[in-house]
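# Overview (structure and organization)
Chain by chain, the residues:
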Amino acid sequence: TMIDEEKYKNSIKKIKFLNDFLIFFKHIKKFNPLIICITNQSAISKGFITFKKLYKLHEFLNYKLQNKTKLNIDAFYICPHYPEKGFKGEIKKYKIRCGCRKPQNLLFKQASKNYNLDSSVTYNIGNNVSDMIPGIKSNIKNNILINRSLKNNVIINKSGYKEMNYLTLTNKFK
């Protein structure tokens with residue numbers, strides 16, 4: 001997680017980066033990483049935001065990241081689907097069960113193919129177990145669940161991922 005996710009972010013004014021994330025992002029800059037964001041955006045299917053507005057938010061996110069860290073996200077892979085119905089203004093064509101919504105791994109496979117990623121040196125970093133599952137299914141060896149409430153310890157989960165905070169992760173790249 002790079003931004004405060006308490007509510008849907010459908011406005012540029014509502015985007016606020018987490019300080020821990022910015023420290024981590026600045027630190028990894030020296031490795032010149034390829035950064036890919038794979039994201040579930042159910043707000044599209046619910047009719048809360050359009051693709052056009054989401055793309056503008058992503059552009060702004062990259063603009064802010066570039067200013068703050070001199071890095072940006074190289075690619076966004078978006079799942080707009082959400083199968084549950086009942087939202088005013090929802091978009092019916094996106095109300096499906098799909099292979100791209102995490103914890104499914106279709107978008108991970110697409111990113112891996114498009115960028116010829118080596119799963120042994122790829123890092124999958126997320127804030128939810130549903131972010132870890134597609135990384136594990138895609139044979140990514142480094143699946144990191146960010147737990148901001150953890151102190152400086154690392155929890156190794158039997159399911160194939162490690163749990164740590166951003167500071168611990170930042171120190172891992174020294």
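For the structure, check the block above.
## Observations concerning the packing of aromatic side chains
According to the stated counting rule, one finds 12 aromatic pairs in the structure shown. Centroid distance Phe21 to Phe25: 4.8 Å. Interplanar angle 35 degrees. Geometry classified as tilted. Here the residue Phe21 and the residue Phe25 both occupy positions in helix H1 (residues 19-28), the gap between them amounting to four residues, near one helical turn. In this pair, the class of Phe21 matches that of Phe25, namely buried.

## A short note on helix H5 (residues 129-137)
Residues of H5 that are buried include every one of Asp131, Met132, Pro134 and Gly135, and no others. Within H5, the buried residues cover an arc of 165 degrees as seen down the axis, which keeps them to one side. Packing partners of the buried residues in H5 comprise helix H4 (106-115), strand E3 (123-126), strand E4 (142-146) and strand E6 (161-164). The N-capping residue of H5, defined by a side-chain oxygen 3.0 Å from the backbone nitrogen of Ser130, is Asn128. Downstream of H5 by one or two residues, Asn139 has phi in the positive range, about 65 degrees.

## Some words on the nonpolar core
Nonpolar side chains in soluble globular proteins tend to end up buried together. Residues Met2, Phe17, Phe21, Leu61, Leu65 and Leu169 are the most contacted members of the largest nonpolar core, which totals 29 residues. Secondary structure elements with two or more residues in this core: H1, helix H2 (42-45), helix H3 (51-69), E4 and helix H6 (166-172). When residues in this core are grouped by element, the largest group, five residues, is from H1. Counting residues in each nonpolar core, the second largest holds nine residues, with Ile38, Ala75, Cys100 and Leu107 among its members.

## A closer look at the pairing of E6
Every other side chain in a regular strand lies on the same face of the sheet, so the side chains alternate between the two faces. In this sheet, E6 lies alongside E4 in parallel orientation, the contact comprising three bridges. If you follow Leu145 over to E6, its bridge partner there is Glu163. Across three bridges, strand E5 (residues 155-157) lies against E6 in antiparallel orientation. In the sheet register, Asn157 faces E6, and the bridge partner there is Tyr161.

The rules we used
- Residues numbered from 1 in each chain as written.
- Predicted model: local features only at pLDDT ≥ 70, side-chain atom pairs only at ≥ 80, totals over all residues.
- Heavy atoms only, no water.
- Phe/Tyr/Trp six-rings, centres within 6.5 Å; stacked < 30°, edge-to-face > 60°.
- Helix = DSSP H or I, 4+ residues; strand = E, 2+ residues; numbered from the N terminus.
- Buried < 20%, exposed > 50% of the residue type's maximum accessible area, 1.4 Å probe, protein only.
- Arc of directions from axis to C-beta.
- Contact = heavy atoms within 4.5 Å.
- Polar contact = N/O pair within 3.5 Å; in protein donor to acceptor, adjacent residues only side chain to side chain.
- Core = buried A, V, L, I, M, F, W, Y, C linked by side-chain atoms within 4.5 Å.
- Pairing = 2+ DSSP bridges.

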